[in-house]
Amino acid sequence: AQKITQTQPGMFVQEKEAVTLDCTYDTSDPSYGLFWYKQPSSGEMIFLIYQGSYDQQNATEGRYSLNFQKARKSANLVISASQLGDSAMYFCAMRESGNQFYFGTGTSLTVIP
Amino acid sequence: NAGVTQTPKFRILKIGQSMTLQCTQDMNHNYMYWYRQDPGMGLKLIYYSVGAGITDKGEVPNGYNVSRSTTEDFPLRLELAAPSQTSVYFCASTDGRRNTEAFFGQGTRLTVV
């Protein structure tokens, strides 16, 4: 079974609008962390935001927030006020107690002017 | 602050040749990882290490070998290169804290012809 599932291969959003990128995960480990990364066309992996399994509140980092629904095992990334520079691939990842990171297949986001 | 450094950035290999992808980090991280990213796909774990002298296989280890003689270095060896190993390779590192993200190198784009 896939540890991380991202079901949206591609998404489009109008500049200045908000967009939600979906991520579901599968684990039986009670202690885990969820991460989102951005990969622009230049190829580097940029860390965006983190959510711990025991965190009571949803994580926020500037225009990024993580909609964490533990019972549904989902960790969706919300980008508010989209900018042209947000066009990139976005990867959801999970780290379990064993310290391996598992990545999803990614979502390609295109911001339309 | 260098972070995670990978060399080379680009390489073309002929079928059957061998090479070593170098990875070094200066953050004193115990955990290091090698991933490959095929076009339009997510990251697949090749090998990982939880400390000097300790390595373990990930999802796709066939055709690769690693060693971890020091905390800083985690080279990936390709023996008898095959076209299926054409990919972008990322090295990453992290510490033992659950909420710490993986820090990535810039990637190595390898083509086997």
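All residue numbers here refer to positions counted from 1 along the written sequence of the relevant chain. In the order they appear in the text, chains get letters beginning with A and ligands get numbers beginning with 1. Note on the predicted model: pLDDT of at least 70 is required for a residue's local features to be given, and 80 or more for side-chain atom pairs to be given and counted; whole-chain, interface and lining totals, by contrast, use all residues. Hydrogens are left out, water is left out, and the side-chain values use all remaining heavy atoms of the structure.

1. Some words on the environment of G63 of chain B
Piece 1. Helix and strand assignments come from DSSP, with helices taken as H or I runs of at least 4 residues and strands as E runs of at least 2, each series counted from the N terminus. By secondary structure assignment, the location of G63 of chain B is in the loop between β6 (54-57) and β7 (64-66).
Piece 2. Contacts between residues were defined by any pair of non-hydrogen atoms, one from each residue, lying within 4.5 Å. Those residues within four positions of G63 of chain B in sequence are excluded, and the remaining contacts are R77, L78, E79 and Q85 of chain B.

2. Things to note about the pattern of salt bridges
Piece 1. Salt-bridge detection follows one rule: a side-chain nitrogen of Lys or Arg within 4 Å of a carboxyl oxygen of Asp or Glu. Applying the stated criterion across every chain, the model contains 5 salt bridges over all chains.
Piece 2. Residue D86 of chain A is joined to R63 of chain A by a salt bridge in which the shortest nitrogen-to-oxygen separation is 2.8 Å. Here D86 of chain A is found in the loop between β9 (74-79) and β10 (88-95), whereas its partner R63 of chain A is found in the loop between β7 (60-61) and β8 (64-69), with 23 residues between them in sequence.
Piece 3. Think of it in three bands: residues with accessible area under 20% of the maximum for their type are buried, residues over 50% are exposed, and the middle band is partly exposed, with areas taken using a 1.4 Å probe on protein chains only. Exposure remark for D86 of chain A: the relative accessible area of 2% places this residue in the buried category.
Piece 4. Judged by its relative accessible area of 22%, R63 of chain A falls in the partly exposed class.
Piece 5. We note a salt bridge from R36 of chain B to D38 of chain B, for which the minimum N-O separation is 2.8 Å.

3. Quick look at the interface of chain B and chain A
A common way to express how large an interface is: the accessible area buried when the components associate.
Piece 1. Contact with chain B, which involves 22 residues of that partner, is made by 22 residues of chain A.
Piece 2. For any pair of parts, buried area is found by adding up, for both, the accessible area (1.4 Å probe) each one loses once the two are put together. Here chain B packs against chain A, burying approximately 1800 Å² in sum over the two surfaces, 54% of which is carbon and sulfur.
Piece 3. The interface formed by chain B and chain A includes 0 salt bridges.
Piece 4. Pairs of N or O atoms within 3.5 Å make up the polar contacts considered here, provided that, within protein, one atom can donate a hydrogen while the other can accept it, and that residues adjacent in sequence are counted only when both atoms are side-chain atoms. Across the chain B-chain A interface, the total number found is 8 residue pairs in polar contact (both at pLDDT 80 or more).
Piece 5. For the side of chain B that touches chain A, the elements supplying multiple residues, two or more each, are β4 (31-37), β5 (43-51) and β9 (87-94) of chain B.

4. Here's the deal with the sheet that holds strand β1 (residues 4-7) of chain B
Residues and elements named next belong to chain B.
Piece 1. At least two DSSP bridges between two strands are required for those strands to pair. Here 4 strands make up an open sheet; going across it, the order is β1-β3-β8-β7 and the pairing antiparallel. At either margin of the open sheet sits one strand with a lone partner, and together these are β1 and β7. When strand polarity is set aside, the average angle formed by the axes of neighbouring strands in this sheet is 20 degrees.
Piece 2. Relative to strand β3 (residues 19-25), β1 is paired through 4 bridges, and the arrangement is antiparallel. Its bridge partner lying in β3, Q6 is registered against C23. The axes are straight lines fitted to the C-alpha atoms, using for helices just the contacting stretch, and the angles between their N-to-C directions are given from 0 to 180°.

5. A word on the pairing of β9 of chain A
Residue and element names in this part refer to chain A.
Piece 1. Here β9 lies mainly inside the structure; 5 of its 6 residues are buried.
Piece 2. Across 3 bridges, strand β3 (residues 19-21) lies against β9 in antiparallel orientation. Looking at the pairing, T20 lines up with V78 of β9.
Piece 3. As paired elements, β8 and β9 share 6 bridges and run antiparallel to each other. Directly across from F68, in β9, lies its bridge partner A75.

6. Remarks on the nonpolar core
Piece 1. Membership of the largest hydrophobic core comes to 26 residues, with the highest contact counts inside it found for L21, Y25, W36, I49, L77, Y90 and L109 of chain A.
Piece 2. Elements represented by at least two residues in this core include exactly β2 (10-14), β3, β5 (33-39), β6 (46-52), β8, β9, β10 and β12 (107-112) of chain A.
Piece 3. Here this core gets 4 residues from one element, more than from any other, and that element is β10 of chain A.
Piece 4. Not counting residues up to four positions away in its chain, the partners in contact with I49 of chain A are L34, F35, W36, A59, T60, E61, Y64, S65, L66 and L77 of chain A.
Piece 5. Within the second largest apolar cluster, 20 residues are counted, among which are M89 and F101 of chain A together with F90 and F104 of chain B. Working definition of a nonpolar core: buried Ala, Val, Leu, Ile, Met, Phe, Trp, Tyr and Cys residues. They are joined through side-chain atoms within 4.5 Å.

7. Things to note about unusual backbone geometry
Piece 1. Across the junction of T7 of chain B and P8 of chain B, the peptide omega takes the value -5 degrees, indicating a cis bond.
Piece 2. Look at K73 of chain A: it is not a glycine, yet its phi comes out positive at around 55 degrees.
Piece 3. Mapped onto the elements, K73 of chain A comes out in the loop between β8 and β9.
Piece 4. A positive phi angle, close to 60 degrees, is found at N28 of chain B, a residue other than glycine.
Piece 5. By the element assignment, N28 of chain B lies in the loop between β3 and β4.
Piece 6. Overall, N28 of chain B belongs to the exposed group, its relative accessible area being 60%.

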